[in-house]
Structures are given as C-alpha cells and as structure tokens.
Amino acid sequence: MKEMPRYILAIAIGLLTFVVSCYFFPSPPTTQTAHLECSFVAPEQSASVGIPYSHERIFIIDYKAVLTSNYVDGGAVLWDADGLATYQGGSQNLVGTIFLQPTNEVRGLVLYRDRYPHQSDDLRISTLNENGKLDWDEETAFVYFENAPDKMSHRFDYSCTVKKSQSQ
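Just so it is clear, the model here is predicted, and its values are computed rather than measured. (Residues numbered from 1 in each chain as written. Predicted model: local features only at pLDDT ≥ 70, side-chain atom pairs only at ≥ 80, totals over all residues. Heavy atoms only, no water.)

Now for the overall build of the chain. Helices and strands together make up the secondary structure of the chain, namely 1 helix and 10 strands. The linear arrangement of helices and strands in the chain, starting from the amino end, is α-β-β-β-β-β-β-β-β-β-β. Taking all 168 residues of the chain together, the buried fraction comes to 34%. For the chain, the proportion of contacts with a sequence separation of at least 24, taken over those separated by at least 6, is 46%. Carbon and sulfur atoms provide 56% of the accessible area of the chain, an area that totals close to 10800 Å². (Helix = DSSP H or I, 4+ residues; strand = E, 2+ residues; numbered from the N terminus. Buried < 20%, exposed > 50% of the residue type's maximum accessible area, 1.4 Å probe, protein only. Contact = heavy atoms within 4.5 Å. Areas by Shrake-Rupley, 256 points an atom, 1.4 Å probe, with all protein chains shown as cover.)

Following this line, the structure appears as structure tokens:
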C-alpha cells in the first residue's frame, strides 16, 4: 500500500508536464481547405464561346482549384477559389468565390482572371439570374470574356466535385 503514493505522484507530475507544455507550446492551428474540380460543357455547338483575337471556340472548360477561407452566410458556405481553367486554345488562372450547400454541392460561383487592368481576353464564369446578376444555379453557368456585349449568350452546363482536407 505504501507504493501507491509514488505512482500518484508520478502521474501528477506527468499530467502537469503535459498541461504546461500544451500551454507554452500550443500546436499550430489547422486551417480547412478543399479541392474543387469542375467541368463546364456547352450543351450545343451554338452555345460555345469564341476566344477574342482568335478563330478558336470553347466547348469545354476544366477548372481545378484550391478552396480556402470558408465562411457561412445564411444557407451557403462561401469559399475563396484559386485555380486553373484549361480549354482548347489556352488556359487562365481564375480566382473567385464558390458557394456550396451544406452537402458540399456547388450552389453558385463567380470566377474571373485576377489582374488589373482587365483585358478583353480575360475569361469569366458565373452563375447568373435572368437579369444578369450573380445568383444560385446548381446546373448552369455563363462563360464570357471581359467586356462581352452579352454575358448571357453562352450558357454552359457544369458539374463539380469538392473534396475537403485539413492543412496546416
């Protein structure tokens, strides 16, 4: 029975050491990130969009991005996106915002080329309402270039997958 206090003392010292080390040397906070992959497809050839200063037309766009800095606003989770859009005839780095449902399905998006001043060959992809304003649409996005006369002329069907991960 006299051996018992030594074990209690050893356990108490161990716990105290652990608590003090956690207090003075906390682990760095983890930030949540996610990876997004989207495919935008013109439903018919007439819906394709022409590349400025080129005879090429875009029928399919693949977009891969890292999502960071998420926050909740109402019924949507908003993520900052930074990725690469590739298409026949070129590619562009696009940034913007992705709006997710709580089930991680894309609810809406706005993507644009992050540079200033903007040029006519800067690609934009957005989900828009009938008035041309940013809005939710889980199936259709509009693809256009900066200063396009009618940004709602080129309707593309899209599908996206989101994979969440933890990074430090």
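Before going further, it helps to spend a moment on the side chain of Asp 137. Summarising the element assignment, Asp 137 is placed in the loop between strand E8 (123–126) and strand E9 (140–145). Buried charge without a partner: Asp 137 forms no salt bridge, and the closest opposite charge is Arg 155, 5.0 Å away. Among the polar contacts listed, one links the side chain of Asp 137 to the backbone nitrogen of Glu 139, at a separation of 3.0 Å. (Lys, Arg positive; Asp, Glu negative; His and termini not counted. Salt bridge = Lys/Arg side-chain N within 4 Å of Asp/Glu carboxyl O. Polar contact = N/O pair within 3.5 Å; in protein donor to acceptor, adjacent residues only side chain to side chain.)

A separate point is unusual backbone geometry. The phi angle at Ser 69 is positive, at roughly 50°, despite the residue not being glycine. Counting through the fold element by element, Ser 69 comes out in strand E4 (residues 60–73). Phi is positive for Asn 104, close to 70°, though the residue is something other than glycine. Inspection of the secondary structure puts Asn 104 in the loop between strand E6 (90–100) and strand E7 (106–113).

If you look at the biggest cluster of nonpolar residues, it comprises 32 residues, and the most contacted ones within it are Phe 40, Ile 61, Tyr 63, Ile 98, Leu 123 and Ile 125. Of all the secondary structure elements, the ones that give two or more residues to this core are strand E1 (31–41), E4, strand E5 (76–87), E6, E7, E8, E9 and strand E10 (155–167). The element that contributes the greatest number of residues to this core is E5, accounting for 5 residues. Setting aside residues no more than four positions away along its own chain, Ile 125 makes contact with Phe 40, Ile 61, Leu 94, Leu 109, Val 110, Leu 111, Ala 141, Phe 142 and Val 143. (Core = buried A, V, L, I, M, F, W, Y, C linked by side-chain atoms within 4.5 Å.)

Let us now look at a negative patch on the surface. Side chains of Glu 105, Glu 138, Glu 139 and Asp 157 sit close together on the surface and give a patch of like negative charge. You can see Glu 105 is positioned in the loop between E6 and E7. (Patch = residues over 30% accessible without salt bridge, like charges linked within 9 Å, V, L, I, M, F, W, Y side chains within 5 Å. Charge placed at Lys NZ, Arg CZ, Asp CG, Glu CD.)

Moving on, we come to the packing of aromatic side chains. Counted under the stated rule, the structure contains 2 aromatic pairs. Here the aromatic rings of Phe 99 and Trp 136 are separated by 5.1 Å at their centres, their planes lie at 70°, and the arrangement is edge-to-face. Note that Phe 99 is positioned in strand E6 and Trp 136 in the loop between E8 and E9, a separation of 37 residues in sequence. For Trp 136, a relative accessible area of 37% translates into the label partly exposed. (Phe/Tyr/Trp six-rings, centres within 6.5 Å; stacked < 30°, edge-to-face > 60°.)

Turning our attention to the pattern of salt bridges. All told, the structure shown has 2 salt bridges when counted by the stated rule. The shortest N-O distance in the salt bridge between Arg 113 and Asp 122 comes to 3.6 Å.

The subject of this paragraph is the state of the cysteines. In this structure the tally under the stated criterion is 1 disulfide. Shown here is the disulfide that connects Cys 38 with Cys 160, its sulfur atoms set 2.0 Å apart. Sign of the S-S torsion, about 110° for the bond between Cys 38 and Cys 160, identifies this disulfide as right-handed. Taken together, the residues span a long stretch of sequence, with Cys 38 in strand E1 and Cys 160 in strand E10 at a distance of 122 residues. (Disulfide = S-S within 2.5 Å.)

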